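One-letter residues, chain by chain:
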Amino acid sequence: MLSREDNELLTRVGPGTPGGTLLRMYWHPISLSREINDESPTKFVRVLGEDLVIFKDKSGRFGLIADKCAHRNASMVYGRVEERGISCAYHGWLYDCDGNIIETPPERNDSIMKNVKTTAYPVHDYIGMIWAYMGPQPAPPMMHYDTLFRADGKRKWLMHPNLNANWFQAMENSMDPAHLQVLHQEFIGKGKTPVSTTRGFTDDVESFDFYITSYGGLMKHRRYINGMEDAHPVLFPNILRQGASSQFRVPIDDTHTMHHRVFFYPTEDGSEPEDAFDPEITFEKPIKEDPSKSHPETKFILHSVNSQDQMAWETQGPIADRTHEHLSYSDRGVVLLRRHTKEMIERVQRGEDPIGYQRDPNHAIIDTNVDDGVWQISQDRSGLAAGNATVDAEAAKG
Ligand code: FES
Ligand SMILES: [Fe+2]
């Protein structure tokens, strides 16, 4: 159970909030690049509670600026793009990709051009996505995770429906290994029938534990009674790495979240395909009877692991009320995530870098074990920053 204050701390994402400030330290994939093109050069996006417009100017540069024009608030979605940037449709104020005002029709106003800027954030067009960084300057490099940066394989994006819930619910689920054997029992049994639908395949698991890796991954590890082990990290703060996939949960605002994942399939011979960085894009089919509505006005269609997960996340509420919950021992990964996130918020408040953050643009590719879906525990545990010992049953109750 959390206090109301801690629940707010972990879930609010808007400008100036502690959680939003932490999230702004990272690059986030905010739109498919192909959705902003010569025919349709602007797109409205809400990210971390801010209303923004992505545009592509006629010199081919992408920009991300405030939706509201600095003059008198008309939307920049209707702006006209030209070589130098984007011009507001209403009176023509022209902005470059850095948010500078470089023309002010109908008259030239030097003072405004010199002293006023619109909100603008750096973006990258990379592997089919526009990535945005909304934090303090200078922007760090993107984290060189293997799934995003290795050249010896093919990639594919799978776009899931937006989630009508707070991002942290999805991340807590990623630190909650016990749900797999129950919630997803229809998809994991490989033809076996569970002992009961209440237990699902719970009895296949001998134990769970949790730890933090040297590169900042929050690992959940399962040991099965047949001797098999698996482990998947959360790449802090908002990526679940599992098998070939990296799932991104990008907050739109406090109660809505984008959800998309990229798969990386290494080539067997180490060759580097020409289209390694030009992924195929697919969309998940609807997961609700009426995709425009939320629980309880519509019903989820539980046709996949993801739709089951999104059902669980959304039905917890727009922001789960953690002042009313009863944690158990198997929730200790959730407790670890909450503690760790709070610690990272405090680190950023002290002016320090959080985990999963790099300043060196040439840092080495980070191995998240993409070649082997089943984690080699011994490889990773050597660099532990924190251990399972930090999370105990007593903590789980708190
Ligand atoms: S409102 Fe944009 S130029 Fe006037
Ligand atoms: Fe799940």
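Thresholds applied
Residues numbered from 1 in each chain as written. Chains lettered and ligands numbered in written order. Predicted model: local features only at pLDDT ≥ 70, side-chain atom pairs only at ≥ 80, totals over all residues. Heavy atoms only, no water. Domains from an automatic or database assignment. Contact = heavy atoms within 4.5 Å. Buried area = accessible area lost by both parts, 1.4 Å probe. Salt bridge = Lys/Arg side-chain N within 4 Å of Asp/Glu carboxyl O. Helix = DSSP H or I, 4+ residues; strand = E, 2+ residues; numbered from the N terminus. Donors = N, O, S within 2.8 Å, 3.2 Å for Na, K, Ca; no water. Tetrahedral: all angles 85-135°; square planar, octahedral: opposite > 155°, others 65-115°. pLDDT = per-residue confidence, 0-100. Buried < 20%, exposed > 50% of the residue type's maximum accessible area, 1.4 Å probe, protein only. Phe/Tyr/Trp six-rings, centres within 6.5 Å; stacked < 30°, edge-to-face > 60°. Lys NZ or Arg CZ within 6 Å of the ring centre and 35° of its normal. Core = buried A, V, L, I, M, F, W, Y, C linked by side-chain atoms within 4.5 Å. Axes fitted to C-alpha atoms, helices over the stretch in contact; angles between N-to-C directions. Parallel < 35°, antiparallel > 145°, perpendicular 65-115°, else oblique. Nonpolar A, V, L, I, M, F, W, Y, C, P; charged D, E, K, R; others polar. Disulfide = S-S within 2.5 Å.

Peer 1: Explain the domain arrangement of the protein chain here, please?
Peer 2: Taken domain by domain, the protein chain holds domain 1 (26–133) and domain 2 (146–397). Computed over C-alpha atoms only, the centres of domain 1 and domain 2 are separated by 33 Å. Taken together, the contacts link 15 residues of domain 1 with 23 residues of domain 2. With both chains or domains summed, domain 1 and domain 2 bury close to 1,700 Å², and 70% of this area falls on carbon and sulfur atoms. Considering only the side of domain 1, the residues that lose the most area to domain 2 are Tyr26, Tyr126 and Ile127, jointly responsible for 38% of the buried surface there. Counting across the domain 1 and domain 2 interface gives one salt bridge. Notably, a salt bridge pairs Arg46 with Asp253, separated by 3.7 Å at the nearest N-O pair. Of all elements in the fold, only strand 1 (27–32), strand 2 (42–47) and strand 11 (129–133) reach the threshold of two or more residues within the side of domain 1 that touches domain 2. Counting residues per element, the side of domain 1 that touches domain 2 draws most heavily on strand 1, at four residues.

Peer 1: Looking at this structure, I do not really get the coordination of the iron ion (ligand 2). What am I missing?
Peer 2: Metal coordination angles have textbook ideals: 109.5 degrees for a tetrahedral set of four donors and 90 or 180 degrees for an octahedral set of six. Surrounding the iron ion (ligand 2) are the protein donor atoms His179 (NE2), His184 (NE2), Asp309 (OD) and Asp309 (OD), at 2.1 to 2.5 Å. Coordination at the iron ion (ligand 2) comes from four donor atoms whose angles at the metal span 56 to 150°, giving a geometry best classed as irregular. Of note, the donors binding the iron ion (ligand 2) are all from one chain and are spaced H-x4-H-x124-D.

Peer 1: Explain the confidence of the model for the protein chain to me, please; I cannot follow it from the model alone.
Peer 2: Detailed reading of the predicted coordinates is not advisable wherever pLDDT is low. For the protein chain, the average pLDDT comes to 92, and 93% of its residues sit at 70 or higher. Every residue in residues 374–398 scores below 50 in pLDDT, and together they form 52 contacts with partners more than four places removed in sequence or on other chains.

Peer 1: Got a minute to help me understand the environment of Asn115 in this structure?
Peer 2: Along the chain, Asn115 turns up in helix 3 (residues 110–115). What makes Asn115 exposed here is its relative accessible area of 56%.

Peer 1: Would you explain the packing of aromatic side chains in this entry?
Peer 2: Working definition: an aromatic ring pair is given by the centre-to-centre distance plus the angle between the planes. What the rule picks out here adds up to nine aromatic pairs. On the basis of an interplanar angle of 25° and a centroid distance of 5.0 Å, the ring pair of Tyr126 and Phe149 is categorised as stacked. Taken together, the residues span a long stretch of sequence, with Tyr126 in strand 10 (residues 123–126) and Phe149 in helix 4 (residues 146–149) at a distance of 23 residues. Judged by its relative accessible area of 18%, Tyr126 is buried. Taking the centre distance of 5.5 Å and the plane angle of 80° together, the rings of Trp131 and Phe248 count as edge-to-face. Taken together, the residues span a long stretch of sequence, with Trp131 in strand 11 and Phe248 in strand 17 (residues 245–253) at a distance of 117 residues. Side by side, Trp131 and Phe248 carry an identical accessibility label, which is buried. Put simply, the rings of Tyr126, Phe149 and Phe277 touch in pairs and so form one group of aromatic residues. A cation over a ring is seen here: Lys156 above Phe263, with NZ or CZ 5.7 Å from the ring centre. Over the face of the ring belonging to Tyr329 we find Arg332, whose NZ or CZ atom lies 3.8 Å from the ring centre.

Peer 1: Explain the nonpolar core to me, please; I cannot follow it from the model alone.
Peer 2: The nonpolar side chains of soluble globular proteins are, as a tendency, buried together. Ile30, Val47, Ile54, Leu64, Trp131, Trp157 and Phe248 are the most contacted members of the largest nonpolar core, which totals 69 residues. Mapping this core onto the domain boundaries places at least three of its residues in each of domain 1 (26–133) and domain 2 (146–397). Those residues in contact with Trp131 that lie beyond four places of it in its chain are Trp27, His28, Pro29, Pro122, Val123, His124, Tyr126, Met142, Leu148, Trp157 and Phe248.

Peer 1: How do you make sense of the packing of helix 1 (residues 4–11) against helix 9 (residues 332–349) when you look at a structure like this?
Peer 2: How two helices sit against one another is set out by the angle between their axes and by the gap between those axes. Running from N to C, helix 1 and helix 9 point in directions that differ by 70°, and their axes come no closer than 10 Å. Our classification of the angle between helix 1 and helix 9 gives roughly perpendicular. Here Asp6, Leu9 and Leu10 of helix 1 come into contact with helix 9, specifically with Arg338, Thr341, Lys342 and Ile345. Looking at the contact of helix 1 with helix 9 residue by residue, the classes come out as three nonpolar, one polar and three charged.

Peer 1: Just checking my understanding: could you explain the state of the cysteines for this structure?
Peer 2: Disulfide: a covalent bond formed between the sulfur atoms of two cysteine residues. This model, assessed by the stated rule, comprises zero disulfides. Looking at the unpaired Cys97, the closest cysteine sulfur is the one in Cys69, lying at 16 Å.

Peer 1: For this particular structure, what's the right way to read unusual backbone geometry?
Peer 2: Note on backbone geometry: most residues besides glycine have negative phi, and most peptide bonds are trans. A cis amide bond, omega 10°, links Pro105 with the succeeding residue Pro106. Residue position: Pro106 is located in the loop between strand 8 (101–103) and helix 3. Along the chain, His295 connects to Pro296 via a cis peptide bond; the corresponding omega equals 5°. Tracing the backbone shows Pro296 in the loop between strand 19 (280–283) and helix 8 (305–315). Non-glycine residue Asn369 carries a positive phi angle of around 65°. Turning to its location among the elements, Asn369 is positioned in the loop between helix 9 and helix 10 (377–381).

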